Amino acid sequence: MKVIVCGAGQVGSNIARHLAEEQNDVTIIDQSPELIRRISEAYDVRGLVGFASHPDMLDRAGAADAEMLIAVTFADEVNMVACQVAHSIFNVPTKIARIRAQNYLRPSFSHLFTREHMPIDAIISPEVEVAHAVNRALHMPGAFDMLPFADDRVRMIGVRIEDDCPIAHQPLRQLTELFPNLNIIVTGINRGEKLFVPSPTDQMLPGDDVYFVVDTQHARRAMPLFGHEEHDAHRIVIVGGGNIGLVLGRDLEQEKDRVNLKVIESDRSRAEFVADRLESAVVLCGDALDAELLEEANISNAHAIVALTNDDETNILVSLMAKQLGCEKAIALVNNKAYEALVGSLGIDVAVNPRATTVSSILQHVRRGRIRRIYSIRDGAAEVMEAEALETSLLIGKPLREVELPAGVIVGAIVRGPQVLKPRGSMVIQRKDRVILFALRESVKKLESMLSAGLRFF
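Residues numbered from 1 in each chain as written. Predicted model: local features only at pLDDT ≥ 70, side-chain atom pairs only at ≥ 80, totals over all residues. Heavy atoms only, no water.

- Going by an unreviewed UniProt entry, the protein carries the name Trk system potassium uptake protein TrkA and comes from Minwuia thermotolerans.

In structure tokens:
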């Protein structure tokens, strides 16, 4: 696939890397010669220095025969114009734009981004995606990740295995033997630096990060098996009143009946802005690294602190301070890839990676096959996807044990109408079933080829 990426910042460079690693023909445009030089040297992409929205620059990038344009510069208006030019002059089939300003995303303005007005096929908002990722983590206490599928009838949950886990050191096949009525499949284990799809004889060990797919109705029952019985978070402190913090605050106020929400923001004018837009939250203005301010926020009795400032170091430090002062759970926004491996050992419960959330949004439009939802995990080490089986699908018509799935791929659940079915070797996938699949990075292209042979793009 020939793809043009406009913007070589963190989001754009990560998207370009991900697509280039899958052997796509990628051209990236940015005004910064340094950013273009850096990404061109690191990955197999073509870099151009210039204005991404200018017709001549898109012409040089090969827009005339490009299949997709992804505009993720820092300026919303540049992203929108780039998509308009790609449509009007070059007729690029698929155009994706990052839109940060929440005013553009109001439901009352949804008709703006249509083929008749501004032809953008998909809008991604990293701030909104990150806020939703944090909210999912708050919905599943004890998990470092929770991904919903099939209208949230199925979830993939990531948990850390501790020494007191009751099913550690036991073969995975015993899960079915001991809990036959529990609809759960362990799909991935990350041990050290290696992520793998386990066999029935593999064991979960303390220190492992385990990913399992579960019927949402069974999720709460499943968590104690993995050693996690944490209670819901109702007293929450958000550090950082930017777009992410504001979106999260609104979501929490709407979804949680008894939420006690406090927001700490260092900029006074922004703090006043946030206070005007949240209904019940208490907004404190000051430095979150000030222990007295954390005490004023009653951090010692908080169920969770969510650090969402633009500075990784601040997010990490304030999370550690909060945990030391008695806060039960710490969630930190971490942009720097080098820090991600450290936060778990420091005691931070969840590190939210904005790159991963953005890539997941885009992959749904890149993947061939009838894909309803897709998530990238562990910086692209694996993908979890929800595919709908059509009549010609290679997945249907024979028992699962006879379906030749690529190595490194496992079926986590099958959704048939109102039922969530646990996949078994004798089960036959039917037309219109939704199939939840976990695939390691090296197996994704093979799985995509298999799905596109019998599935069409959704």
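Continuing now.
Remarks on the overall build of the protein
- Helix and strand content of the protein: 14 helices and 22 strands.
- Here the C-alpha radius of gyration of the protein, 23 Å, is about what a compact globule of 458 residues would show, namely 23 Å.
- Across its three principal axes, the protein shows a C-alpha extent of roughly 65 × 65 × 40 Å.
- Classification of the 458 residues of the protein by burial places 56% in the buried group.
- Approximately 20000 Å² of the protein is accessible, and the part contributed by carbon and sulfur atoms is 48%.
- Averaging the coordinates of the 50 positive side-chain charges in the protein and doing the same for the 62 negative ones gives two points 7 Å apart. (Helix = DSSP H or I, 4+ residues; strand = E, 2+ residues; numbered from the N terminus. Rg over C-alpha atoms; globule rule 2.2 N^0.38 Å. Buried < 20%, exposed > 50% of the residue type's maximum accessible area, 1.4 Å probe, protein only. Areas by Shrake-Rupley, 256 points an atom, 1.4 Å probe, with all protein chains shown as cover. Lys, Arg positive; Asp, Glu negative; His and termini not counted. Charge placed at Lys NZ, Arg CZ, Asp CG, Glu CD.)

Thoughts on empty space enclosed by the protein
- Counted under the stated rule, the structure contains one cavity of 30 Å³ or more.
- Its boundaries defined by the atoms lining it, the largest cavity holds a volume of some 40 Å³.
- Ile167, Gln170, Pro171, Leu172, Gln174, Leu175, Leu178 and Met204 together form the lining of the largest cavity.
- When the residues that make up the lining of the largest cavity are grouped by side-chain class, the tally is six nonpolar, two polar and no charged. (1 Å grid on protein atoms, 1.4 Å probe; cavity = no way out; pocket = protein on both sides within 12 Å on 5 of 7 lines; lining within 4 Å. Points joined across faces, edges and corners; volume = space filled by probe spheres on them. Nonpolar A, V, L, I, M, F, W, Y, C, P; charged D, E, K, R; others polar.)

Here's the deal with the sheet that holds strand E18 (residues 371-377)
- A sheet is described by the order of its strands in space; here five strands give the open sequence E18-E19-E22-E20-E21, paired in antiparallel fashion. Of all strands in the sheet, those with a lone pairing partner are E18 and strand E21 (419-421), marking the two edges. Sheet twist, expressed as the average angle between the axes of neighbouring strands with direction ignored, equals 15°.
- Two strands pair when backbone bridges link them, and strand E20 (residues 409-416) and E21 are joined in this way by three bridges, in the antiparallel orientation. Counterpart to Arg416 in the pairing with E21 is Gln419.
- Helix H13 (residues 354-366) rests against E18 and strand E19 (382-388) of the sheet, and its axis sits at about 150° to E18. (Pairing = 2+ DSSP bridges. Axes fitted to C-alpha atoms, helices over the stretch in contact; angles between N-to-C directions. Contact = heavy atoms within 4.5 Å.)

Overview of the side chain of His18
- Of note, His18 is situated in helix H1 (residues 10-21).
- On the accessibility criterion, His18 (6% relative accessible area) is buried.
- His18 has contacts with Val359, Leu363, Arg367, Ser376, Gly380 and Glu383, leaving out every residue within four places of it along the chain.

Section: the packing of helix H8 (residues 243-255) against helix H9 (residues 268-277)
- Contact pair H8 / H9: the axes reach a minimum separation of 10 Å and the direction vectors enclose 20°. Of the possible angle classes, the one that applies to H8 and H9 is roughly parallel. The handedness of the crossing between H8 and H9 comes out as right-handed. Note on element contacts: H9 touches H8 through Arg270, Phe273, Val274 and Arg277, opposite Asn243, Leu246 and Arg250.
- Taken together, the residues of the contact of H8 with H9 sort by class into three nonpolar, one polar and three charged. (Parallel < 35°, antiparallel > 145°, perpendicular 65-115°, else oblique. Left-handed = near helix turned anticlockwise from the far one by under 90°.)

Comments concerning the pattern of salt bridges
- Tallied over the entire structure, the rule returns 20 salt bridges.
- For Lys95, the salt bridge is made with Asp121, and the minimal N-O distance between the two is 3.3 Å. Of this pair, Lys95 sits in strand E5 (residues 94-98) while Asp121 sits in the loop between E5 and strand E6 (122-124), and the two are 26 residues apart along the sequence.
- Here Asp208 and Arg191 are joined by a salt bridge, their closest N and O atoms 2.7 Å apart. On the criterion of sequence distance, the pair formed by Asp208 in the loop between strand E10 (194-196) and strand E11 (209-215) and Arg191 in strand E9 (residues 184-191) is long-range, its members being 17 residues apart.
- Residue class for Asp208 comes out buried when judged on its relative accessible area of 2%.
- One continuous salt-bridge network, built from bridges that share partners, spans Arg17, Glu21, Asp379 and Arg441. (Salt bridge = Lys/Arg side-chain N within 4 Å of Asp/Glu carboxyl O.)

Side note on the nonpolar core
- In this structure, Val134, Leu138, Met156, Ile236 and Phe438 are the most contacted members of the largest nonpolar core, which totals 50 residues.
- For this core, the element with the highest residue contribution is helix H5 (residues 126-139), accounting for seven residues.
- When we break this core down by domain, the ones giving at least three residues each are domain 2 (235-356) and domain 3 (364-452).
- Discounting chain neighbours no more than four positions away, the residues touching Leu138 are Ala233, Ile236, Leu252, Ala304, Val306 and Ile331.
- Counting residues in hydrophobic clusters, the runner-up holds 45 residues, among them Val5, Ile371, Ile396 and Ala439. (Core = buried A, V, L, I, M, F, W, Y, C linked by side-chain atoms within 4.5 Å. Domains from an automatic or database assignment.)

Let's talk about the state of the cysteines
- All chains considered together, the criterion is met by zero disulfides.
- Summary of cysteine pairing: Cys83 is not part of a disulfide, and the nearest cysteine sulfur, belonging to Cys6, is at 7.5 Å.
- Under the relative-accessibility criterion, Cys83 is labelled buried at 0%. (Disulfide = S-S within 2.5 Å.)

Observations regarding the domain arrangement of the protein
- Under the domain assignment, the protein is made up of domain 1 (2-124), domain 2 (235-356) and domain 3 (364-452).
- Measuring from the centre of the C-alpha atoms in domain 1 to the corresponding centre in domain 3 gives 29 Å.
- Contact with domain 1, which involves nine residues of that partner, is made by ten residues of domain 3.
- Buried area between domain 1 and domain 3, both sides added, is near 710 Å², and the carbon and sulfur share of it is 52%.
- The largest contributions to the domain 1 side of the interface with domain 3 come from His18, Glu22 and Met68, which together make up 51% of the buried area.
- Summed over the shared surface of domain 1 and domain 3, the result is two salt bridges.
- In this structure, the salt-bridge partner of Asp379 is Arg17, at a minimum N-O distance of 3.3 Å.
- In this structure, the connection of domain 1 to domain 3 is made through two residue pairs in polar contact (both at pLDDT 80 or more).
- Examining the composition of the side of domain 1 that touches domain 3, we find that five residues originate from one element, H1, more than from any other. (Buried area = accessible area lost by both parts, 1.4 Å probe. Polar contact = N/O pair within 3.5 Å; in protein donor to acceptor, adjacent residues only side chain to side chain.)

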